[in-house]
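Remarks on the overall topology
Chain residues, written in single-letter form:
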Amino acid sequence: METREEKKPKTLMESYSAPTPVKWRKIGDALLIGTSGFSALMMGAPIPEHYTIWIVFVLNGIGVGGKIITNFFTTD
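Residues numbered from 1 in each chain as written. Predicted model: local features only at pLDDT ≥ 70, side-chain atom pairs only at ≥ 80, totals over all residues. Heavy atoms only, no water.

1. Comments concerning the packing of helix α2 (residues 22–42) against helix α3 (residues 49–70)
Where α2 meets α3, the axes come as close as 8 Å, and the angle between the chain directions of the two elements is 170°. Compared by their axis directions, α2 and α3 come out roughly antiparallel. The segment α2 lies against α3, with W24, R25, G28, D29, L31, L32, T35, S36, F38, S39 and M42 engaging T52, I55, V56, L59, N60, I62, G63, V64, G66, K67 and T70. For the contact of α2 with α3, the class distribution of residues is 10 nonpolar, nine polar and three charged. (Axes fitted to C-alpha atoms, helices over the stretch in contact; angles between N-to-C directions. Helix = DSSP H or I, 4+ residues; strand = E, 2+ residues; numbered from the N terminus. Parallel < 35°, antiparallel > 145°, perpendicular 65-115°, else oblique. Contact = heavy atoms within 4.5 Å. Nonpolar A, V, L, I, M, F, W, Y, C, P; charged D, E, K, R; others polar.)

Rendered as structure tokens:
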């Protein structure tokens, strides 16, 4: 009788450093570039400065957070 090896779940660090599928890597890159570009455009928008600061802060957070989250997707 054959014995099956049980797979242990990957830790977050193992999952983060595993190869990311091309589709998810492109999504993460597009998200980062898009939000960075849009936040740069918002700096010149004719709205009050205190709104602009928060909009840029949120956009940059979404871009960086999205890029980091897409690195957790693996091919397994």
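Alright, that's what it looks like, and here's the rest.
2. Some details on the packing of aromatic side chains
In this description, an aromatic ring pair is defined by two values, namely the gap between the centres and the angle between the planes. Counted by the stated rule, this structure contains one aromatic pair. Between the aromatic rings of W54 and F57, the centroid separation amounts to 5.7 Å while the plane-to-plane angle is 90°, which identifies the pairing as edge-to-face. Residue W54 and its partner F57 are both found in helix α3; the two are separated by three residues, about one turn of the helix. As far as burial versus exposure is concerned, W54 and F57 are alike and both exposed. (Phe/Tyr/Trp six-rings, centres within 6.5 Å; stacked < 30°, edge-to-face > 60°. Buried < 20%, exposed > 50% of the residue type's maximum accessible area, 1.4 Å probe, protein only.)

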